[in-house]
Amino acid sequence: MDSLFRTINVASSGMTAERFRLDVISQNLSNADTTKTENGGPYVRKGVTFQEVLNNTLSGTSQFSGVKVNEIFEDDAPFRLEYDPSHPEANEEGYVEYPNVNVLNEMIDMITAQRAYDLNASVISTAKNMYNSALNIGK
Amino acid sequence: MFDINFKVLPLSMDASVKNHQVISQNMANFSTPNYKRKYISFDDELKKALGNSDQLKLKTNNQKHINNTPYLENVQAKILEDDSKSLRNDGNNVDIDTENSLMIQNALNYSSQSRLMTYAIQRYDTVLRGVK
C-alpha cells in the first residue's frame, strides 16, 4: 500500500517537473525574437536540468522519491546574426543579434515534455487501477 | 460489545472526508494570490491515541497527572497551513499535480477504509447468522 502511494507521489513529482520545463520552453518561444533584455543584448535561451530525489530514511537506506528541477541554465550557443541595417539594435556593420533560440528545437522539446507528462499521468492511473484490483481481492 | 474497528474506522473515514474538502479548497484557490496550501494532520494523532507512536509517553497513575496520549474519542483531524515557498511569483504555493495525487491517494484510502468497515460488520453478521 505504501509503495503504491509512493508510485503516485513519484509520478506527480515528475508531472510537476515536466510542467516547469514547459514553462521554460514557452518563455524561450515567446522570446524567440527578443533583441533587448534588462542586461542588454538579446535574450539568452534557458534550459532546465532535472535531479533525482532520494529520501534518506533513519535505517540508512535511501528511498527514491521522484525528481526535482535542479537548475535553470543559460545556453551559451552563439547568437543568430541577421543583416538588417534599419533595425535600431543593429551594430556598425548592420547586423542584428537575435536570440540563440531555435524554434524547431523548442517545439521538439515541447512535444517531449508533453509526452513525459502524459506518461507520468498514466503511471498514476495504472497505480490507481492496481490498488483498486487489490481492493477487490476476496470480494 | 463492538470491537475497536467500530471506533477507529469512522474516525479515519471522517478524516478522509475532511482531507478531501481541504484538497478541493487548495485546488479551488489555485489562482488566488498569496494563498498557502492547507493540509490535514490526523495519522499522527491517531497513532498517539492507539499507542503506536514513537513519542515518549508520560506515565500516569493519578487522574490529575499530565497525560500526553489523547483519548480515541478526542482525536480530530487538524487543518494546518503549509507556508513553504514556491517557484510562483504570486506567493501561492499550490502545486496542482501534487494536490491531484493527494486526492487520488485519499480516495483510495477511503475505499479501503470502507471495505474494512464492511468486513468488520460482516464478522458480526457471520456470528449472528452463521456462514451461508
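The rules behind each value
- Residues numbered from 1 in each chain as written.
- Chains lettered and ligands numbered in written order.
- Predicted model: local features only at pLDDT ≥ 70, side-chain atom pairs only at ≥ 80, totals over all residues.
- Heavy atoms only, no water.
- Helix = DSSP H or I, 4+ residues; strand = E, 2+ residues; numbered from the N terminus.
- Rg over C-alpha atoms; globule rule 2.2 N^0.38 Å.
- Buried < 20%, exposed > 50% of the residue type's maximum accessible area, 1.4 Å probe, protein only.
- Contact = heavy atoms within 4.5 Å.
- Buried area = accessible area lost by both parts, 1.4 Å probe.
- Salt bridge = Lys/Arg side-chain N within 4 Å of Asp/Glu carboxyl O.
- Polar contact = N/O pair within 3.5 Å; in protein donor to acceptor, adjacent residues only side chain to side chain.
- Expected span 1.5 Å × (residues − 1).
- Core = buried A, V, L, I, M, F, W, Y, C linked by side-chain atoms within 4.5 Å.
- Phe/Tyr/Trp six-rings, centres within 6.5 Å; stacked < 30°, edge-to-face > 60°.
- pLDDT = per-residue confidence, 0-100.

Here we look at the overall build of chain B
Along its length, chain B carries 3 helices and 2 strands. For 132 residues, the compact-globule estimate of 2.2 N^0.38 gives 14 Å, and the C-alpha radius of gyration of chain B, at 19 Å, exceeds that figure by more than 25%. Each principal axis of the C-alpha distribution contributes one length, and for chain B these read about 60 × 50 × 20 Å. Each of the 132 residues in chain B was classed as buried or not, and the buried ones make up 30%.

Re the interface of chain A and chain B
Buried accessible area, meaning the area lost when the parts come together, often serves as the stated size of an interface. Of the residues lining the interface, 19 residues belong to chain A; the matching set on chain B comes to 14 residues. Interface area, chain A with chain B, both sides summed: about 1,400 Å², of which 58% is carbon and sulfur. At the boundary of chain A and chain B, one finds 2 salt bridges. One salt bridge connects Arg 19 of chain A with Asp 97 of chain B, and the closest N-O pair in it is separated by 2.9 Å. Applying the counting criterion to the chain A and chain B interface returns 8 residue pairs in polar contact (both at pLDDT 80 or more).

Observations concerning the side chain of Asn 26 of chain B
Topologically, Asn 26 of chain B is positioned in helix α1 (residues 5-28). Ignoring any residue separated from it by four or fewer positions in sequence, one finds Asn 26 of chain B in contact with Tyr 35, Arg 37, Lys 38, Val 94 and Glu 99 of chain B.

Examining α1 of chain B
Residues and elements named next belong to chain B. With 24 residues, α1 extends 34 Å between its outermost C-alpha atoms, agreeing within 8% with the 34 Å of an ideal straight helix rising 1.5 Å per residue. Every buried residue belonging to α1 is among Val 8, Leu 9, Leu 11, Ser 12, Met 13, Ala 15, Ser 16, Val 22, Ile 23 and Asn 26, and all of these are buried. Buried-residue contacts for α1 involve β1 (38-41), α2 (43-50), β2 (78-81) and α3 (96-129).

A short note on the nonpolar core
Judged by nonpolar contacts, Leu 4, Phe 5, Ile 8, Ala 11, Met 15, Ile 124, Ala 127, Tyr 131 and Leu 135 of chain A together with Ile 104 and Leu 108 of chain B together constitute the single largest core of 11 residues. The set of elements that each furnish at least two residues to this core consists of α1 (2-30) and α2 (103-135) of chain A together with α3 of chain B. The dominant element in this core, judged by the number of residues it contributes, is α1 of chain A, at 5 residues. Val 22, Leu 72, Val 75 and Ala 77 of chain B belong to the second largest nonpolar core, which has 10 residues in total.

A word on the pattern of salt bridges
All names here are of chain A. Evaluated as defined, the whole model comprises 17 salt bridges over all chains. For Arg 45, the salt bridge is made with Asp 75, and the minimal N-O distance between the two is 2.8 Å. Of this pair, Arg 45 sits in the loop between α1 and β1 (46-56) while Asp 75 sits in the loop between β2 (62-74) and β3 (80-83), placing them 30 residues apart in sequence. Comparing Arg 45 with Asp 75, the two get one shared label, buried. The residue Asp 109 makes a salt bridge to Arg 45 at a minimum N-O spacing of 3.8 Å.

Observations concerning the side chain of Ser 101 of chain B
Checked against the element boundaries, Ser 101 of chain B lands in helix α3. Leave out the neighbours within four places in its chain, and Ser 101 of chain B touches Ile 8, Asn 9 and Ser 12 of chain A.

Quick notes on the packing of aromatic side chains
Each aromatic ring pair is summarised here by two numbers: the centre-to-centre distance and the angle between the ring planes. Residues and elements named next belong to chain A. Applying the stated criterion across every chain, the model contains 5 aromatic pairs over all chains. Ring plane angle 15° and centroid distance 5.6 Å describe the contact between Phe 5 and Tyr 131, whose orientation is recorded as stacked. Placement of Phe 5 in helix α1 and of Tyr 131 in helix α2 is noted, with a sequence separation of 126 residues between them. Grouping residues by exposure puts Phe 5 and Tyr 131 together as buried.

Describing the confidence of the model for chain B
For chain B, the average pLDDT comes to 87, and 100% of its residues sit at 70 or higher. Both confidence scores are given for the complex: pTM 0.79, ipTM 0.72.

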